[in-house]
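Chain by chain, the residues:
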Amino acid sequence: MKTIINKQTSVSYYKGENLLLTPSGASNGEWFDKGCTTANCDLVTCQDVPTDWAGGHYTYAGNQWARTAEGAAAHQALLAAAIAATVQKIDADTDALYAAVTGNRGMEYITAEAEATAFAGGGYTADPAPASVASWATAKGWTAQAAADDIIATAAAWRTAQAAIRAARLLRKEQARTAADLAALATTRAQWAGFVAAIREQLGV
């Protein structure tokens, strides 16, 4: 890759394989800039061009890239926007997970868990069994005890998943908020996406 840099400031103005620099101006065959000439600029071959390179946003000297003040400001603005979007996505993904598991039936499941737990705690002797337990037993063709145990086990599994979701959500949001650059933020997004895929598979949603 080639870049055209200012002789005095080392600011990189253009990059590309087809760059030309002459006494009358710079070009890549599609555009021409008479302000960049061999008098004030150099055409150099560079390596590892930054992924967010933009004209005027980097200097190139001693085979090293460094952001200019303009580039640093642009990067910070881009990073701030990307962080906000990542935090928003993490919350949205979490809400989607909860919706997929409980929908609008959260209170129904809480009631069923409470009634099943009380029924089990009383030695499964209440007659009749609590309504939430009885309805599940009827639907499945089970005994009231089997229905209560299933409700309790399902609720326990969901509580464990909830704890994992909360821990991952809080961790990844904080990592996003404190990301030093876009690469670190991309790593956080990838880790969160992997967790969401795994927890969805675990929950069957």
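Definitions and cut-offs
Residues numbered from 1 in each chain as written. Predicted model: local features only at pLDDT ≥ 70, side-chain atom pairs only at ≥ 80, totals over all residues. Heavy atoms only, no water. Helix = DSSP H or I, 4+ residues; strand = E, 2+ residues; numbered from the N terminus. Rg over C-alpha atoms; globule rule 2.2 N^0.38 Å. Contact = heavy atoms within 4.5 Å. Areas by Shrake-Rupley, 256 points an atom, 1.4 Å probe, with all protein chains shown as cover. Buried < 20%, exposed > 50% of the residue type's maximum accessible area, 1.4 Å probe, protein only. Pairing = 2+ DSSP bridges. Axes fitted to C-alpha atoms, helices over the stretch in contact; angles between N-to-C directions. Core = buried A, V, L, I, M, F, W, Y, C linked by side-chain atoms within 4.5 Å.

Q: I would appreciate a short explanation of the overall build of the chain in the present structure.
A: Of the regular secondary structure elements, the chain holds five helices and eight strands. Counting from the amino terminus, the chain carries its helices and strands in the arrangement β-β-β-β-β-β-β-β-α-α-α-α-α. Whereas a compact globule of 205 residues would reach a radius of gyration of roughly 17 Å, the chain reaches 30 Å, over 25% beyond that. Dimensions along the principal axes, computed over C-alpha positions, put the chain at roughly 100 × 30 × 25 Å. Across the chain, every contact between residues at least 6 apart in sequence was considered, and the portion connecting residues at least 24 apart equals 49%. For the chain, the exposed area adds up to about 11800 Å²; of that, 56% sits on carbon and sulfur atoms.

Q: For this particular structure, what's the right way to read unusual backbone geometry?
A: Glycine aside, the phi torsion of most residues is negative, and most peptide linkages are trans. Here Asp127 and Pro128 are connected by a cis peptide whose omega angle stands at 10°. Tracing the sequence through the fold places Pro128 in the loop between helix H2 (106–121) and helix H3 (131–140). One non-glycine residue with positive phi stands out, namely Tyr124, at about 60°. Within the fold, Tyr124 resides in the loop between H2 and H3. A relative accessible area of 27% places Tyr124 in the partly exposed class.

Q: Help me out: how do you make sense of the sheet that holds strand E6 (residues 41–45) in this one?
A: Note on sheets: strands pair through backbone hydrogen bonds, and any given pair is parallel or antiparallel. Spatially, E2-E1-E6 is the arrangement adopted by the three strands of the open sheet, whose pairing is antiparallel. Taken across any chain shown, the strands that pair with only one partner, and hence form the sheet edges, are strand E2 (12–16) and E6. Sheet twist, expressed as the mean angle between neighbouring strand axes with direction ignored, is 20°. Where strand E1 (residues 2–6) meets E6, five bridges bridge the pair, whose relative direction is antiparallel.

Q: Would you take a moment to explain the environment of Trp142 for this structure?
A: Within the secondary structure, Trp142 is located in the loop between H3 and helix H4 (144–177). Exposure remark for Trp142: the relative accessible area of 35% places this residue in the partly exposed category. Excluding its chain neighbours within four sequence positions, the residues that come into contact with Trp142 are Trp136, Ala137, Ala147 and Asp150.

Q: Please explain the pairing of strand E7 (residues 58–61) as it appears in this structure.
A: Bridge analysis of E7 against strand E8 (residues 64–67) gives four bridges, and the strand direction is antiparallel. If you follow Tyr60 over to E8, its bridge partner there is Trp65. Hairpin remark: E7 followed by E8, antiparallel, with two residues in the connecting loop; positive phi at Gly62, about 60°.

Q: For this particular structure, what's the right way to read the sheet that holds strand E5 (residues 32–33)?
A: What the three strands build is an open sheet, ordered E3-E4-E5; its pairing is antiparallel. The outermost strands of the open sheet, each flanked by one partner alone, are strand E3 (20–22) and E5. Bridge analysis of E3 against strand E4 (residues 25–27) gives three bridges, and the strand direction is antiparallel. Following the sheet pairing, Leu21 is matched in E4 by Ala26.

Q: Looking at this structure, I do not really get the nonpolar core. What am I missing?
A: As a rule of thumb, soluble globular proteins bury nonpolar side chains together. In terms of nonpolar packing, the biggest core is built from ten residues, these being Ile90, Leu97, Trp158, Ala161, Ile165, Ala168, Trp192, Phe195, Val196 and Ile199. Residue assignment for this core shows that the elements contributing at least two residues are helix H1 (69–102), H4 and helix H5 (182–203). Leave out the neighbours within four places in its chain, and Ala161 touches Ile199, Gln202 and Leu203. Grouped together as the second largest cluster of nonpolar side chains are nine residues, Ala116, Ala137, Ala147 and Ile151 included.

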